[in-house]
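# Chains, contacts and geometry: an overview
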Amino acid sequence: MTEFEEGHRAFANFRVLNGEDNQFEREQLFRTTAQLFSYVSDRCDDDQVAQYDEVLCQLAELVEVEARVHVAKLLAPLERAPGTVLVKLANDIIEVARPLLEFSNVLNDDDLIDIIARQTEEHRVAIAGRSSLTERVGEALVEHGKTASVVRLVRNPKAEFDRATLEKLVHRATQDAEIAADLRGRSDIDWKSLRGEIDTVAGKILQTLGDADRQVDPVAAGKINTVVYNRIRNRAGFNAQEWKVAYNQVKGLADRKQLNDRALARFARFGYGHHAAAAMAVLLHVGPEIVVKWLAAQDYVAVIVALRAANMSSDLFEAIVATLPWRDLPSDGDKKMVLSRFEALDSEDARHIFELWRAHSFRKRGMTEDRQTA
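The structure displayed is predicted, hence computed values, not measured ones. (Residues numbered from 1 in each chain as written. Predicted model: local features only at pLDDT ≥ 70, side-chain atom pairs only at ≥ 80, totals over all residues. Heavy atoms only, no water.)

On a plain count of helices and strands, the chain comes out with 22 helices and zero strands. A sequence separation of at least 24 residues applies to 71% of the contacts in the chain between residues at least 6 apart. When the accessible surface of the chain is totalled, it reaches about 19100 Å², and 49% of it is carbon and sulfur. (Helix = DSSP H or I, 4+ residues; strand = E, 2+ residues; numbered from the N terminus. Contact = heavy atoms within 4.5 Å. Areas by Shrake-Rupley, 256 points an atom, 1.4 Å probe, with all protein chains shown as cover.)

Here it is as structure tokens:
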């Protein structure tokens, strides 16, 4: 029997979970279980991840800070990690939470925003230094953060700001010289375009912030809420790295039983196309490569049948289709056509079609595997 299998078999008989252990045994088991998961995380199915999650969550309540710090460092770099214990440790004291807040890609924007609102300034400082920060997370930091976290946010070249967040930053700069100095150093902001969009008080500050001589990308200027970014994100098109991060974050949501219509609606509302596509794969229990093929082939029919079989509402379907990272951005005509076909398809018929496809797909896969092993 492999180390992997032995680890899973042991879960049912852990004495520590029944209170029949000492502190040393609990901490050793906590560390060992996390270490084992770090070795096999890329090979675990959902049930196995759930087992690890349950055991690690129980043990996290029983061990001291040093052991929790150790496990947080083990989980932080993993692309797939048990969602419940990860969020639990990310909300722990800062010594435990810091590596997860700074490096874990399994934490999604909603997780980070919740931590920003409820935890300490030290937690916010850690989040502000992440290698990727979306507009929503940046907005939460500006709303809840003190000088230390906001300064780190402004200094982070990967942080994205929308116009509303920049307005708040400019107002804060009127009372904080350190924020003003760092905001002035952002060369990716088109101050000239922004001046005409905000109120008089902030405009006076912008005259100072924008006086520094800097080059502004003439192509990008003013295209996104009058703010220039170093990179203009195209809603259409599939990005492999973004997909990997989104898929693992969605799996983390599923671990915590939070992948539902409300989560899908948030993905659509905030334009999280890769997350919406990953949620389709997880909810429909199909391989992620299948959904990627649908998007690459602009296969509207497959998406219509699959989401109708999942009994999705018309409003949510319309929003999701418009958000998905298709190869080509759907036209208004495409969107109307897709919605009309979705509404015309009976949900029972859709389930029947989808199950026939699934059975055929599995049968075809089995035949391929048999030929390969022959």
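Back to the text.
This part covers the confidence of the model for the chain. Here the chain shows a mean pLDDT of 83. Residues at 70 or above account for 78%. In the model, residues 197-201 has pLDDT below 50 throughout and makes nine contacts with residues more than four positions away in sequence or in other chains. Confidence drops under pLDDT 50 across residues 209-235; counting only partners more than four residues distant or on other chains, this segment forms 58 contacts. (pLDDT = per-residue confidence, 0-100.)

This next bit is on the packing of aromatic side chains. Inspection of the entire model under this criterion finds eight aromatic pairs. Aromatic side chains Phe-238 and Trp-243 sit 5.5 Å apart centroid to centroid with 45° between the ring planes, which places their arrangement in the tilted category. Aromatic side chains Phe-317 and Phe-342 sit 3.9 Å apart centroid to centroid with 5° between the ring planes, which places their arrangement in the stacked category. Placement of the pair is Phe-317 in helix α20 (residues 314-323) and Phe-342 in helix α21 (residues 332-344), with a sequence separation of 25 residues. (Phe/Tyr/Trp six-rings, centres within 6.5 Å; stacked < 30°, edge-to-face > 60°.)

As a further point, take the pattern of salt bridges. Under the counting rule described, the total for this entry stands at 21 salt bridges. A salt bridge links Arg-43 to Asp-42, with the shortest nitrogen-to-oxygen separation between them at 3.7 Å. Glu-121 is paired through a salt bridge with Arg-124; the nearest N and O atoms lie 2.9 Å apart. You can see Glu-121 and its partner Arg-124 sitting in helix α8 (residues 121-128), three residues apart, about one turn around the helix. An identical accessibility class is assigned to Glu-121 and Arg-124; each is buried. Overlapping salt bridges, with partners in common, bring together Asp-46, Arg-80, Lys-251 and Asp-255 in one network. (Salt bridge = Lys/Arg side-chain N within 4 Å of Asp/Glu carboxyl O. Buried < 20%, exposed > 50% of the residue type's maximum accessible area, 1.4 Å probe, protein only.)

In this structure, the second largest pocket spans a volume of roughly 330 Å³. Forming the walls of the second largest pocket are 14 residues, and the residues nearest its centre are Cys-44, Asp-45, Asp-46, Tyr-247 and Lys-251. Only α3 (46-60), α15 (240-255) and α17 (273-284) provide two or more residues apiece to the lining of the second largest pocket. Among the elements that line the lining of the second largest pocket, the one with the most residues is α15, at three residues. Its residues placed into classes, the lining of the second largest pocket shows six nonpolar, three polar and five charged. (1 Å grid on protein atoms, 1.4 Å probe; cavity = no way out; pocket = protein on both sides within 12 Å on 5 of 7 lines; lining within 4 Å. Points joined across faces, edges and corners; volume = space filled by probe spheres on them. Nonpolar A, V, L, I, M, F, W, Y, C, P; charged D, E, K, R; others polar.)

All right, on to the packing of helix α7 (residues 109-118) against α8 then. Interhelical geometry of α7 versus α8 gives an angle of 145° and a closest axis separation of 8 Å. α7 and α8 meet at a crossing whose hand is left-handed. Where α7 approaches α8, its residues Leu-112, Ile-115 and Ile-116 are matched on the opposing element by His-123, Arg-124 and Ile-127. Residue composition of the contact of α7 with α8, by class: four nonpolar, one polar and one charged. (Axes fitted to C-alpha atoms, helices over the stretch in contact; angles between N-to-C directions. Left-handed = near helix turned anticlockwise from the far one by under 90°.)

What follows concerns the packing of helix α5 (residues 83-90) against helix α6 (residues 94-103). Each packed pair of helices is defined by two parameters, the angle between the axes and the distance between the axes. Look at α5 against α6: their axes get within 7 Å of each other, and the N-to-C directions meet at 120°. Relative to α6, α5 is oriented oblique. From α5, Leu-86, Leu-89 and Ala-90 reach across to α6, where they touch Val-96, Ala-97, Leu-100 and Leu-101. Residues that form the contact of α5 with α6 fall into these classes: seven nonpolar, no polar and no charged. (Parallel < 35°, antiparallel > 145°, perpendicular 65-115°, else oblique.)

All right, on to the environment of Asn-311 then. Within the secondary structure, Asn-311 sits in the loop between α19 (300-309) and α20. You can call Asn-311 exposed: its relative accessible area is 54%. Residues Asn-311 and Ala-350, 39 residues apart in the sequence, show an inter-C-alpha distance of 9.1 Å.

Moving on, we come to the environment of Gln-35. Along the chain, the position of Gln-35 falls in helix α2 (residues 23-40). Since its relative accessible area comes to 25%, Gln-35 is described here as partly exposed. Among residues more than four places away in sequence, those in contact with Gln-35 are His-70 and Leu-74.

Nonpolar side chains in soluble globular proteins tend to be buried together. One finds Leu-75, Leu-100, Leu-101 and Ile-127 to be the most contacted residues of the largest nonpolar core, which totals 60 residues. Sorting elements by how many residues they give to this core places α3 first, with seven residues. Contacts of Leu-100, omitting those with residues within four sequence positions, involve Ala-72, Leu-75, Ala-76, Leu-86, Leu-89, Ala-90, Leu-107 and Arg-130. The next biggest cluster of nonpolar side chains, apart from the first, holds 44 residues, and it includes Ala-263, Leu-295, Met-312 and Leu-339. (Core = buried A, V, L, I, M, F, W, Y, C linked by side-chain atoms within 4.5 Å.)

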